[in-house]
Amino acid sequence: MSVLKFSQFSDPSLFHSIDPPRLRVFLDGYRDYLRSRDFKTPADAKFTDAHVGQLIGILNTATRDTPPDFLEGFFHANELNNDKGMESLLSTASKKGVAIPDGDLTPADLALFLWMVQPGLVRRANCERIIHRFQSFQYYQNELGDAPPFSLPSDAVLKQIRVALDTFNRDRHRGGGSDVWMYHFGDDVAFLLRHGRLIVRDEVMEGDTPRPDVRRSVGYDLVVYNRKTGEIRVRAELVGERRFYCQLFGRYLFDDPGFFPPGELFDLSPIQELGEDIQTPAHVDGIARIRLVEIREVLLGDHTLTTTHRADEVFPALKEHSKQITPTARLLHARFRFWLTDGHETTVTIYSGNIIRHTRPVGVDAIHQWMIHHGIRVRNHAPNATATLATLASH
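Residues numbered from 1 in each chain as written. Predicted model: local features only at pLDDT ≥ 70, side-chain atom pairs only at ≥ 80, totals over all residues. Heavy atoms only, no water.

**Regarding the overall build of the protein**
Scanning the protein for helices and strands turns up 13 helices and 12 strands. If you take every contact in the protein between residues at least 6 apart in sequence, the share linking residues at least 24 apart comes to 65%. As displayed, the protein offers around 19200 Å² of accessible surface, 48% of which is attributable to carbon and sulfur atoms. (Helix = DSSP H or I, 4+ residues; strand = E, 2+ residues; numbered from the N terminus. Contact = heavy atoms within 4.5 Å. Areas by Shrake-Rupley, 256 points an atom, 1.4 Å probe, with all protein chains shown as cover.)

**Side note on the environment of A288**
Among the structural elements, A288 can be located in strand β7 (residues 287-299). Between the C-alpha atoms of A288 and F338, which are 50 residues apart in sequence, the distance is 7.7 Å. Ignoring anything within four residues of it in the chain, the contact list for A288 reads P281, W339, L340 and T341.

**Some thoughts on unusual backbone geometry**
What you tend to see is this: most non-glycine residues have negative phi, and most peptide bonds are trans. The backbone phi angle of D38 is positive, close to 60°, even though this residue is not glycine. For A282, which is not a glycine, the phi torsion comes out positive at approximately 65°. Inspection of the secondary structure puts A282 in the loop between α11 (269-274) and β7. On the basis of relative accessibility, which here comes to 15%, the residue A282 falls in the buried class. (Buried < 20%, exposed > 50% of the residue type's maximum accessible area, 1.4 Å probe, protein only.)

**Overview of helix α6 (residues 83-95)**
Residues that lie three or four places apart on an α-helix share one face, since the helix turns once every 3.6 residues. For α6, built from 13 residues, the straight-helix expectation of 18 Å at 1.5 Å per residue is met to within 8% by its first-to-last C-alpha distance of 18 Å. Those residues of α6 that fall on the buried side of the exposure criterion are G85, M86, S88, L89, T92 and A93. Seen along its axis, α6 keeps its buried residues to an arc of 165°; they face one direction. With respect to the buried face of α6, the exposed residues turned more than 90 degrees away are D83, K84, E87, S94 and K95. At the N-terminal boundary of α6, the capping side chain belongs to N82, with an oxygen 3.3 Å from the backbone nitrogen of K84. Positive backbone phi, approximately 70°, marks G97, located one or two places after α6. (Expected span 1.5 Å × (residues − 1). Arc of directions from axis to C-beta. Polar contact = N/O pair within 3.5 Å; in protein donor to acceptor, adjacent residues only side chain to side chain.)

**A word on the packing of helix α9 (residues 155-170) against helix α10 (residues 239-254)**
It is at 11 Å that the axes of α9 and α10 come closest, and there the two elements cross at 150°. Regarding the angle of α9 to α10, the classification is roughly antiparallel. For the pair α9 and α10, the sense of crossing is right-handed. Seen from α9, the contacting residues are V157, Q160, I161, A164, L165 and F168; seen from α10, they are G240, E241, F244, Y245, L248, F249 and Y252. In terms of residue class, the contact of α9 with α10 is built from 10 nonpolar, two polar and one charged. (Axes fitted to C-alpha atoms, helices over the stretch in contact; angles between N-to-C directions. Parallel < 35°, antiparallel > 145°, perpendicular 65-115°, else oblique. Left-handed = near helix turned anticlockwise from the far one by under 90°. Nonpolar A, V, L, I, M, F, W, Y, C, P; charged D, E, K, R; others polar.)

**Some remarks on the pattern of salt bridges**
Should their charged atoms come close, side chains of opposite charge can pair. Summed over the entire model, instances satisfying the criterion amount to 16 salt bridges. Salt-bridge contacts for R162 lead to D179; the nearest nitrogen and oxygen are separated by 2.7 Å. Here R162 is found in helix α9, whereas its partner D179 is found in strand β3 (residues 179-185), with 17 residues between them in sequence. A relative accessible area of 27% places R162 in the partly exposed class. With its nearest N and O atoms 2.8 Å apart, the salt bridge here joins E276 to K319. Separated by 43 residues along the polypeptide, E276 in the loop between α11 and β7 and K319 in helix α12 (residues 314-320) bring together distant segments of the chain. If you follow the salt bridges from partner to partner, you end up with E72, R123, R162, D179 and R194 in one network. (Salt bridge = Lys/Arg side-chain N within 4 Å of Asp/Glu carboxyl O.)

**Topic: the pairing of strand β9 (residues 330-340)**
Within β9, 10 of the 11 residues are buried, which leaves the element mostly enclosed by the surrounding structure. Across 10 bridges, β7 lies against β9 in antiparallel orientation. In the sheet register, I287 faces β9, and the bridge partner there is L340. Relative to strand β10 (residues 345-351), β9 runs antiparallel, the two being bridged by seven bridges. Across the sheet, W339 pairs through a bridge with E345, a residue of β10. As consecutive antiparallel partners, β9 and β10 are separated by four residues, and within that stretch G343 has a phi angle of approximately 95°, a positive value. (Pairing = 2+ DSSP bridges.)

**Points about the environment of S352**
Within the element layout of this structure, S352 appears in the loop between β10 and β11 (355-358). The spacing of S352 and L268 is 84 residues in sequence and 5.9 Å in space, taken between C-alpha atoms. Among the polar contacts listed, one links the side chain of S352 to the side chain of R330, at a separation of 3.1 Å.

**With respect to the nonpolar core**
Grouped together as the largest cluster of nonpolar side chains are 39 residues, with contacts concentrated most on F15, F26, L27, L34, F70, F74 and L114. At the level of secondary structure, the elements contributing two or more residues to this core comprise α1 (12-16), α2 (20-28), α3 (31-36), α4 (49-60), α5 (68-79), α6, α7 (107-117) and α8 (119-130). The leading source of residues in this core is α7, at seven residues. Once residues within four sequence positions are removed from consideration, L114 is found in contact with L89, A93, V98, I100, P119, L121 and V122. (Core = buried A, V, L, I, M, F, W, Y, C linked by side-chain atoms within 4.5 Å.)

**Some thoughts on the packing of aromatic side chains**
Counted under the stated rule, the structure contains 21 aromatic pairs. Note on F26 and F74: the rings are 5.2 Å apart at their centroids and 85° apart in plane angle, and the pair reads as edge-to-face. Of this pair, F26 sits in helix α2 while F74 sits in helix α5, and the two are 48 residues apart along the sequence. Judged by relative accessible area, F26 falls into the buried class, the value being 4%. A relative accessible area of 0% means that F74 is categorised as buried. Measuring from centroid to centroid gives 4.8 Å for F150 and Y225, while their planes differ by 40°, and the two rings are tilted. Of this pair, F150 sits in the loop between β2 (138-141) and α9 while Y225 sits in strand β5 (residues 209-226), placing them 75 residues apart in sequence. Among the residues examined, F150 registers a relative accessible area of 18% and is labelled buried. Since its relative accessible area comes to 0%, Y225 is described here as buried. Taken together, the ring pairs in this structure connect F15, F26, Y30, Y33, F70 and F74 into an aromatic cluster. (Phe/Tyr/Trp six-rings, centres within 6.5 Å; stacked < 30°, edge-to-face > 60°.)

Right, here's the structure in full:
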C-alpha cells in the first residue's frame, strides 16, 4: 500500500524550479545546521548544480540533528510538485485569504512559499491531494452500522491522541516526536499523523570514504472519519498500525476503543464487477436462489453523496428506470435475500469492511462459501473476535 513517507530525493529540477531568492531565504533559517553539513548558501542566490547535488545528499542522509521542519518543507514541496498539487495549494491559500506572490510560480515554489508563511496550509493541501482517492485506504465501519452524532475533538483531545501515538511508537522502539493535525473537507474530518520509524543502521559512501550512518526516518499516516457514513478510512503501512488507529480513534472520538472493529473481512467491489452475476449460487450446496434487495453507495467529495437502491430485486429495478450501480462509487453495504434448498429463507446484510448481519442463523456456512467464491469474503484473513455474525431477530 502507498503511504505518506519520505522518499529519496533525486531530481535536481525540483530545486531549480524554486525561486532562487526564496530558496535562499528558506535555507538561511537553517544556517547552523547546514554549516554543520559543510553547506554554504550562496549569498547571491545562484544555486549551481553542485549546490543542488549537495542539498540532495544532505536530505537523503538526514541525521537525528536534522531539523524536522527542514525535511518536511521539502517533502511537501516534492509531493505537491504536480498539477493536482498546484490546484490544492491554490485552493487552500484562497480559502484562507493568503496572498500569492506575483509571477509564474511552480507548484514546488508555491509550496515552499506557503510553508514559510503557514506550514499548516501546505499539510492541508497535501491531505486534500489524496483524501478522496479512496482506493489508497482501508475502510472500517463502526459497530452500529450507521453514523452516530459526532463532535469535533478539542485541542485537549488532540493532545491526548498525540501522547498515545508517542506511547505506541516508543513501545515499538520508534521513539517519540509524534504529532497530529486535523483538517475538514466537507463531510470528511482528516487526521494527519506524524511518527518516527525504526532506527536504520547502515554504511554509506561519503566521497570515496565509507562511514557509518544511523538514522530514524519520519512517516506520515492518514486517518479520515466521514460524518455522513460513520466510517473511518486509514492509510498506513502496517496492519498493526491500522488496528491501533481503529482503537485510538474509537476511544477518543466515541469513547469506545472497540467502536471500529479492525477486521478487514468484506469487499463489495465484486458487485460492481459482476453485476447480476453476483446473484449466481455458484454451485454452492445449500443455496437455491439469491437476490440483491438493497445496495448503498457513496460518492466522496467536498459534499458526500449517499444513495440507497432498495427493491424486491435491485438489478431489474435499476434497468427499468435506466439506472445502474455507479462504477466509481464506494459501496457501503449490500443486502441479499437467500432461498436455501432446505426451504428456509434468510436476509444477509454485508458491510464493506468488517460487519455482517443475518436475520436468522441458517445457511451460514453455505453463504460463507458463496462469499468466498465471488470474492466478497477476503481470503486468508485471521479470525477476528470483533467480527462475529450478528443475528437480528426483528430485521
